[in-house]
Amino acid sequence: MKINSIAVTSDGARWVGTETEGYYVDNGSGYDQVNTAPFVNVNAIAEDRQGNVYLGTDNALLKYNGSSTGIITTAAGLPDNNITAIYFDSKDRLWIGTDGGKKVAWMDISMKINPLSLMNGGPGTSINSIYEDRRGHIWFATSSDGLIEYDGVVPHSYKTYNGFFENDVTSIGEDKFGNIWIGLASKGLVKFTLPLE
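## Topic: the side chain of Glu132
Structurally, Glu132 is set in strand 13 (residues 127-132). It turns out Glu132 is buried and unbridged, and the closest side chain with the opposite charge, Arg93, is 5.5 Å from it. Polar side-chain contacts of Glu132 include one of 2.7 Å to the backbone nitrogen of Ser90. Setting aside anything within four residues of it in sequence, one finds Glu132 in contact with Tyr87, Asp89, Ser90, His137, Ile138 and Glu174.

Pasting the structure below:
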């Protein structure tokens, strides 16, 4: 079994997203599997402040409210149904990254979906990870278009053509000192120190 994502929700439940076998939830009494076609590939899991759990799958974004599951697709405004990364920021916006990578979207608490063009992306590109730094800038790790930083106005691209180390970025995180750590597919780890404000 290939594990794509893991999350522990505020109630202590452990969620595990898999490739081809749906997802598993352990509320303390063992894992229960949910494997419903066509949502068999679960790539990302995130929880909002109300306890709703969102699951990014290859065919839709699922929202589980504790008793039922809603399905969110391109019909509601998603840029693509193949969801590869999701992330809640400090403003309670759910950022949604997709396969294709040219557009991402964010959803507010009213469930309105707002697309954002990253002005690049192409065939084979996907959003691997999304992260918000302490300044409120949103970062996107992509599979072939490098690292993208969105400052709330425009996206800024970091690729090999402008001096970045690699175009295949796998993950992003931040330490307690405000340093951004960037995982690369083949060239290791990059540390970026945020400028003082």
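## A look at the packing of aromatic side chains
Any aromatic ring pair is given by two values, namely how distant the centres are and how the planes are angled relative to each other. Under the definition given, this model contains 11 aromatic pairs. One aromatic cluster is present, formed by Trp139, Tyr158, Phe164, Phe165 and Phe192 through successive ring pairs. Residue placement shows Arg93 over the ring face of Trp106; its charged tip is 5.1 Å from the ring centre.

## A look at the environment of Lys187
Position of Lys187 among the secondary structure elements: in the loop between strand 18 (179-184) and strand 19 (189-193). Spatially, the C-alpha atoms of Lys187 and Phe165 are 7.5 Å apart, while their sequence positions differ by 22 residues. Apart from the residues lying within four places of it in its own chain, the contact partners of Lys187 are Phe165 and Glu166. A distance of 3.3 Å separates the side chain of Lys187 from the backbone oxygen of Phe165, its partner in a polar contact.

## Considerations on the sheet that holds strand 15 (residues 147-150)
Within the open sheet, the 4 strands sit side by side as 13-14-15-16. Their pairing is antiparallel. With partners counted over all chains shown, the strands left at the sheet margins are strand 13 and strand 16 (155-158), one partner each. On average, each strand axis in the sheet is tilted by 20° relative to the strand beside it, whichever way the strands run. Examined bridge by bridge, strand 15 and strand 16 share 4 bridges and lie antiparallel to one another. Paired with Glu149 across the strands is His156, a residue of strand 16.

## Focus: the pattern of salt bridges
In this structure the tally under the stated criterion is 6 salt bridges. In this structure, Arg14 engages Asp26 in a salt bridge whose closest nitrogen and oxygen atoms are separated by 2.4 Å. Pair noted here: Arg14 is in strand 2 (residues 14-19) and Asp26 is in strand 3 (residues 23-26), with a separation of 12 residues, a long-range link. Judged by relative accessible area, which is 37%, Arg14 ranks as partly exposed. With relative accessibility at 5%, the residue Asp26 sits in the buried group.

## Topic: the pairing of strand 13
Of all 6 residues making up strand 13, 5 are buried, and the element is well covered by its neighbours. Both strand 13 and strand 14 (residues 138-142) contribute to a ladder of 5 bridges, which runs antiparallel. Within the sheet, the bridge partner assigned to Ile127 lies in strand 14 and is Thr142. What sits between the antiparallel neighbours strand 13 and strand 14 is a turn of 5 residues, in which Gly136 has the positive phi angle 95°.

About the criteria used
Residues numbered from 1 in each chain as written. Predicted model: local features only at pLDDT ≥ 70, side-chain atom pairs only at ≥ 80, totals over all residues. Heavy atoms only, no water. Helix = DSSP H or I, 4+ residues; strand = E, 2+ residues; numbered from the N terminus. Buried < 20%, exposed > 50% of the residue type's maximum accessible area, 1.4 Å probe, protein only. Lys, Arg positive; Asp, Glu negative; His and termini not counted. Salt bridge = Lys/Arg side-chain N within 4 Å of Asp/Glu carboxyl O. Polar contact = N/O pair within 3.5 Å; in protein donor to acceptor, adjacent residues only side chain to side chain. Contact = heavy atoms within 4.5 Å. Phe/Tyr/Trp six-rings, centres within 6.5 Å; stacked < 30°, edge-to-face > 60°. Lys NZ or Arg CZ within 6 Å of the ring centre and 35° of its normal. Pairing = 2+ DSSP bridges. Axes fitted to C-alpha atoms, helices over the stretch in contact; angles between N-to-C directions.

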